[in-house]
Amino acid sequence: MTEAYLWIKALHIVAIISWMAGMLYLPRLFVYHAQAPKGSEQAQTFATMERRLMRFIMAPALIVTWISGFSLAYQSGYFHAGWLHGKLALVVALTALHGYFGWIRKDFTADANRHDPRFYRIINEVPTILMVGIVILVVIKPF
Ligand code: HEM
C-alpha cells in the first residue's frame, strides 16, 4: 500500500465517523422533536439543531465518505471484489436513509410531522444495523 492510500483511508474513516455521528444522533433528535408541542419554541430549537447537523456535518461527511471510498476502491482494484459489492449495497441503503431523514427534517420544519416518537425510536436502530454490516464486510472481507 502506498502512503497516499493510507492517508486517504484515514480521511475515509474520519468522514465515516462524522457521518455516522449524525446518522445515529439525528433520529434521536426526531424522537424529542416529536414530543415537543407543535409551533413551540422548543420545536423551533430542534428544527435549527436538525438543519445545522445535516447541512454542516452530515452532508459534507457523506460526500467525503463517497469520494474517498471510491478513490480507495479504484487504487486497490477492489472494485471486482464481492465484499465491496455487498458493502456498496449497504452504503446505498444508508445514503437513501440519509435522504429520507432529510425529508422528515423538512416535515418537522414545516410543523407537519406525521409520525409518533416510537416510529423514530425504531428507525434510530437502522443506521446501527447497516453500519455493523458495512464494517464486517470491509474488515473481514468474507467473499
Ligand atoms: C461510499 C462508498 C464507499 C466505498 C466505495 C468504500 C470503499 C472502501 C475501500 C475500498 C476501503 C479500503 C479497504 C482496504 O484497504 O482494505 C475502505 C475502507 C474502510 N471503509 Fe469504506 N467505502 C465506502 C463507504 C463506507 C462507509 C459508509 C463505511 C462505514 C459506515 C465504511 C467503512 C470503512 C472502514 C471501517 C474501512 C477501513 C477498513 C480497513 O482498513 O480494514 N466505508 N472503504
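The structure presented is a predicted model; accordingly, all values stated were derived computationally and were not measured.

Undergrad: Provide a residue-level description of the coordination of the iron atom of the ligand, including the pertinent values.
TA: Every protein donor of the iron atom of the ligand is listed here as His12 (NE2) and Lys87 (NZ), and their distances to the metal cover 1.8 to 2.1 Å. The site at the iron atom of the ligand holds six donor atoms, and with the angles between them running 86 to 176°, its shape is octahedral. Taken as a pair, His12 in helix α1 (residues 3-35) and Lys87 in helix α3 (residues 82-109) lie far apart in primary sequence, 75 residues in all. One exposure class covers both His12 and Lys87, and it is buried.

Undergrad: Account for the packing of α3 against helix α5 (residues 126-140), naming residues and giving values.
TA: Two numbers describe how α3 lies on α5: the axes approach to 9 Å, and their chain directions differ by 160°. Judged by the inter-axis angle, α3 sits roughly antiparallel to α5. For the crossing formed where α3 meets α5, the hand is left-handed. Side by side, α3 and α5 meet where Trp83, Gly86, Lys87, Leu90, Val91, Ala93, Leu94, Leu97 and Phe101 of the first sit next to Val126, Pro127, Leu130, Gly133, Ile134, Leu137 and Val138 of the second. Across the contact of α3 with α5, the residue classes break down as 13 nonpolar, two polar and one charged.

Undergrad: Break down the site of the ligand for me, with residues and values.
TA: The local shell around the ligand holds 19 residues, among which Tyr5, Lys9, His12, Lys87 and Lys141 are the closest. One nitrogen or oxygen atom from the side chain of Lys9 is found 2.6 Å from an oxygen atom belonging to the ligand. Taking a 2 Å distance to the grid points as the criterion, the majority of the atoms of the ligand fall inside the largest pocket. Looking at the shell around the ligand, the elements with two or more residues in it are α1, α2 (41-76), α3 and α5. The leading source of residues in the shell around the ligand is α2, at six residues. Partitioned by chemical class, the residues of the shell around the ligand number 13 nonpolar, three polar and three charged.

Scoring rules and cut-offs
Residues numbered from 1 in each chain as written. Predicted model: local features only at pLDDT ≥ 70, side-chain atom pairs only at ≥ 80, totals over all residues. Heavy atoms only, no water. Donors = N, O, S within 2.8 Å, 3.2 Å for Na, K, Ca; no water. Tetrahedral: all angles 85-135°; square planar, octahedral: opposite > 155°, others 65-115°. Helix = DSSP H or I, 4+ residues; strand = E, 2+ residues; numbered from the N terminus. Buried < 20%, exposed > 50% of the residue type's maximum accessible area, 1.4 Å probe, protein only. Axes fitted to C-alpha atoms, helices over the stretch in contact; angles between N-to-C directions. Parallel < 35°, antiparallel > 145°, perpendicular 65-115°, else oblique. Left-handed = near helix turned anticlockwise from the far one by under 90°. Contact = heavy atoms within 4.5 Å. Nonpolar A, V, L, I, M, F, W, Y, C, P; charged D, E, K, R; others polar. Near = heavy atom within 4 Å. Polar contact = N/O pair within 3.5 Å; in protein donor to acceptor, adjacent residues only side chain to side chain. 1 Å grid on protein atoms, 1.4 Å probe; cavity = no way out; pocket = protein on both sides within 12 Å on 5 of 7 lines; lining within 4 Å. Sits in = over half its atoms within 2 Å of the grid points.

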